[in-house]
Amino acid sequence: MSKFDLDGKVCVVTGGGGSIGGATCLELAAGGGRIVAAGRTQKTLDAIVEKVRAMGQEAIAVVTDVTKPDQVDNMVSETIRTFGSLDVLVNNAGRGSRMVQPEETPYDQWLERIDVNLTSAFLCSIAAGKQMIEQKSGRIINISSTAGTKGNPYMLAYSAAKAGMISLSNNLAFMWKGHNIYVNCILPGAIAPAGTVEDETVPPLELRPGPDHVANMIRYLASPASEMVTGEVIPVRAWFRSDRFWN
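What you are looking at is a predicted structure, and each value in this text was computed from that prediction instead of being measured.

1. Notes on the packing of aromatic side chains
Note on aromatic pairs: each is described by the distance of the centres and the angle between the planes. All chains considered together, the criterion is met by one aromatic pair. With centroids separated by 6.3 Å and ring planes inclined at 40°, the aromatic side chains of Phe4 and Tyr220 adopt a geometry described as tilted. With Phe4 in the segment before β1 (10-14) and Tyr220 in helix α7 (residues 211-222), the pair connects residues that are 216 residues apart, well separated along the chain. The exposure class assigned to Phe4 is partly exposed, which follows from its relative accessible area of 39%. Between Arg139 and the ring centre of Tyr182, over which it is positioned, the NZ or CZ distance is 4.0 Å.

2. Here we look at the environment of Arg98
Considering the arrangement of structural elements, one finds Arg98 in the loop between β4 (88-91) and α4 (107-135). Filtering out sequence-adjacent residues up to four positions away, Arg98 remains in contact with Pro106, Gln109 and Tyr154.

3. Some remarks on the nonpolar core
In this structure, Val36, Val72, Met75, Leu86, Leu89, Met132 and Ile140 are the most contacted members of the largest nonpolar core, which totals 31 residues. Sorting the residues of this core by element identifies β1, β2 (34-39), β3 (59-63), α3 (69-83), α4, α6 (156-175) and β6 (181-188) as the ones contributing at least two each. In terms of residue count, α4 provides more of this core than any other element does, six residues in total. In terms of nonpolar packing, the next biggest core, distinct from the first, is built from 26 residues, Val49, Val90, Ile143 and Ile186 among them.

4. Some details on the sheet that holds strand β5 (residues 138-143)
Read from one edge of the open sheet, seven strands run β3-β2-β1-β4-β5-β6-β7, paired in parallel fashion. At either end of the open sheet lies a strand with only one pairing partner, and these are β3 and β7 (233-236). Each strand of the sheet is rotated relative to its neighbour by a mean of 20°, with strand direction disregarded. Its contacts with the sheet put α3 on β1, β2 and β3, and the angle it makes with β3 is roughly 160°.

Conventions used here
Residues numbered from 1 in each chain as written. Predicted model: local features only at pLDDT ≥ 70, side-chain atom pairs only at ≥ 80, totals over all residues. Heavy atoms only, no water. Phe/Tyr/Trp six-rings, centres within 6.5 Å; stacked < 30°, edge-to-face > 60°. Helix = DSSP H or I, 4+ residues; strand = E, 2+ residues; numbered from the N terminus. Buried < 20%, exposed > 50% of the residue type's maximum accessible area, 1.4 Å probe, protein only. Lys NZ or Arg CZ within 6 Å of the ring centre and 35° of its normal. Contact = heavy atoms within 4.5 Å. Core = buried A, V, L, I, M, F, W, Y, C linked by side-chain atoms within 4.5 Å. Pairing = 2+ DSSP bridges. Axes fitted to C-alpha atoms, helices over the stretch in contact; angles between N-to-C directions.

Following this line, the structure appears as structure tokens:
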């Protein structure tokens with residue numbers, strides 16, 4: 001058995017119907033994981049679940065607004081009711097924002113972006129963490145952004161929320177290490193849409209990564225291969241200049 005195998009581990013992926021979320025569901029299923037695809041749109045979740053089941057793996061869809069505590073609690077309850085455990089949580093749900101000058105950032109937009117990009121990760125981590133503490137094991141993988149370290153000009157709320165997710169990850173990794181709960185954070189850079197055909201004349205490491213590259217890192221952190229990795233912040237960005245520098 002490979003150290004990258006998940007061997008029936010129950011994996012919850014928020015934003016499971018999106019590009020990174022969908023790729024993650026499929027990659028974790030390929031490793032033997034049982035999948036809970038969570039998100040707001042039943043149709044997109046069902047499409048992912050169908051693909052996972054076609055691979056011979058178990059999967060369910062749970063419609064969830066991850067900014068609502070009661071819906072997050074239901075997501076965890078449905079996972080336990082169906083599979084009996086919750087081994088891996090991928091906090092992938094998030095949303096960017098339109099570019100505006102800082103002084104023109106609407107207050108309601110600030111609150112909404114903080115909710116969907118940071119509060120959601122807090123709610124899901126706490127709900128899942130209670131189960132993981134009881135199990136004495138678990139892995140939480142938070143999907144932040146390079147915007148959380150270098151910023152993203154004119155997207156103030158998004159950048160602040162993604163920076164907050166890094167801090168949340170570090171704190172939980174420290175406070176839950178005694179419960180055998182791993183907490184790590186991935187920083188995707190600018191991600192090429194799934195199915196994008198890149199210019200073959202450009203060296204590969206100067207291209208944008210795709211959703212599958214992020215999913216590969218998630219599988220590593222979800223697997224026994226990363227048994228001594230926690231509290232880490234790991235970029236997935238190749239050498240795409242705008243993900244490293246302001247100009």
